[in-house]
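What the coordinates show
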Amino acid sequence: MRADRLVATLLLMQARGRVTAAELATELEVSVATARRDLEALSAAGIPVYPQPGRHGGWQLVGGARTDLSGLSAAEARALFLLAGPAAESSGEVKAALRKLLRALPAPYRTEAQAAAGATLIDPARWGGHGRDRPAEVRLLQEAVVRQQRIRFAYKGERRQADPWGVVGKDGVWYLVAGTDRGRRTFRLDRLGELEVTAETFARPGDFDLDTAWDEVVAAMEERRSRTWATVLIPERFVWVLRDHFGRHCHPGETLADGRVRVRVGAPEPRDLARTLSGWGATVEVEEPPAVRAELARIGAELAALYADPR
């Protein structure tokens, strides 16, 4: 779950003692399914949160309907701060909330909780790459999502209008999931310009769940990223390199008598596969399809002609 929702959930439960998933969903502007998953995530993380079945049931902190956060054990406090600590580096609000929670803990627990908050650092930059700054539009769109305000913006040379349903960060790139007159659409924030939050409001679909919607977006994107598959033979010691490059589009298979492994790799087009595999030279042998083998032959011929010894 998101660290800001975790903190908000705990503060809400401290104030009310007991909440239902529906009440939490209303307060945090999320679906009931997401609220239920957040509560289950708290419990799985070691926080003393448990459900009470029945007509007047709900979720509450162990120890009574008005338990404050000083009721956390040392292990539970560590679990909370380990989970929320990394998010505090990029959010002043989360950092302030953690400071308040830290003061609410019994003195003997504070040292370990404070150490837990700083025990993990998330560096989003790849080796040899630059870190990506969080776009200024993220906070503006988050507010529009919460307040359910319609937005207007320019995208790929076209003026658009949309209902912002959620904002997603993936591998340093931010996306907007929104409702439009063409149905649900996903937009990259770094391609979005002239953003305007209007005074018009909208009603988010009652069955919309951001986690589910994003899973569908990812599945569709990954399918497009792997329209072409090739079967290659590579020495077993190098299989991890292919896995690192192709990710979920790499499926190792049987190991042959000569020590090579038969691997299936996927990419959008034959040329994409050939460009990646050509750098391996004869270390990787492509068995099929013919289109990838032909593209490799073309690349090899071009390189041979370009770098042939003129003598």
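Let me begin by describing the structure that accompanies this report. For clarity, every value in this text was computed on a predicted model and none was experimentally measured. (Residues numbered from 1 in each chain as written. Predicted model: local features only at pLDDT ≥ 70, side-chain atom pairs only at ≥ 80, totals over all residues. Heavy atoms only, no water.)

1. What about helix α8 (residues 210-224)?
Between its terminal C-alpha atoms α8 stretches 21 Å, which fits the 21 Å expected from 15 residues at 1.5 Å a residue. Restricting attention to buried positions, one finds in α8 the residues A213, W214, V217, V218 and E222. The buried residues of α8 occupy one face: seen down the axis, they fall within an arc of 165 degrees. With respect to the buried face of α8, the exposed residues turned more than 90 degrees away are D215 and E223. For α8, the elements touching its buried residues are β5 (158-170), β6 (173-180) and β7 (183-188). (Helix = DSSP H or I, 4+ residues; strand = E, 2+ residues; numbered from the N terminus. Expected span 1.5 Å × (residues − 1). Buried < 20%, exposed > 50% of the residue type's maximum accessible area, 1.4 Å probe, protein only. Arc of directions from axis to C-beta. Contact = heavy atoms within 4.5 Å.)

2. Description of the packing of helix α9 (residues 239-246) against helix α10 (residues 270-277)
Contact geometry for α9 and α10: axes closest at 12 Å, N-to-C directions at 135 degrees. When the axes of α9 and α10 are compared, the pair comes out oblique. For α9 against α10, the interelement crossing comes out right-handed. Contact residues: α9 offers L242, H245 and F246, while α10 offers L273, T276 and L277. Residues of the contact of α9 with α10, tallied by class, amount to 4 nonpolar, 2 polar and no charged. (Axes fitted to C-alpha atoms, helices over the stretch in contact; angles between N-to-C directions. Parallel < 35°, antiparallel > 145°, perpendicular 65-115°, else oblique. Left-handed = near helix turned anticlockwise from the far one by under 90°. Nonpolar A, V, L, I, M, F, W, Y, C, P; charged D, E, K, R; others polar.)

3. Here's the deal with the pattern of salt bridges
Applying the stated criterion across every chain yields a total of 24 salt bridges. As a salt-bridge pair, R37 and D209 come within 2.9 Å of each other at their nearest N and O atoms. One end of the pair, R37, is in helix α3 (residues 32-44); the other, D209, is in the loop between β8 (192-201) and α8, and 172 residues separate them in sequence. Take R37: its relative accessible area is 34%, and that puts it in the partly exposed class. Note that R227 is salt-bridged to E269, the shortest N-O span being 3.1 Å. (Salt bridge = Lys/Arg side-chain N within 4 Å of Asp/Glu carboxyl O.)

4. Describing the environment of L140
Locating L140 in the fold gives a position in helix α7 (residues 137-147). Taking the C-alpha atoms as reference, L140 lies 8.0 Å from V197; in sequence the two are 57 residues apart. Once residues within four sequence positions are removed from consideration, L140 is found in contact with L195 and V197.

5. Notes on the sheet that holds strand β4 (residues 149-155)
If you trace the 5 strands from one edge of the open sheet to the other, you get β7-β6-β5-β4-β8, paired in antiparallel fashion. Both edges of this open sheet fall to β7 and β8, since each of them pairs with a single strand only. Each strand of the sheet is rotated relative to its neighbour by a mean of 45 degrees, with strand direction disregarded. As defined by bridge partners, β4 adjoins β8 across 5 bridges and the pair is classed as antiparallel. Bridged to I151 within β8 is V197. (Pairing = 2+ DSSP bridges.)

6. Side note on the packing of aromatic side chains
According to the stated counting rule, one finds 6 aromatic pairs in the structure shown. Here F153 and Y155 contribute two aromatic rings whose centre-to-centre distance is 6.4 Å and whose plane-to-plane angle is 85 degrees, an arrangement assigned as edge-to-face. Here F153 and Y155 have matching classes, each one buried. Each ring, one from F153 and one from F187, has its centre 5.1 Å from the other, and the planes form 75 degrees; the classification is edge-to-face. Of this pair, F153 sits in strand β4 while F187 sits in strand β7, and the two are 34 residues apart along the sequence. Members of the aromatic cluster, joined through ring pairs, are F153, Y155 and F187. (Phe/Tyr/Trp six-rings, centres within 6.5 Å; stacked < 30°, edge-to-face > 60°.)

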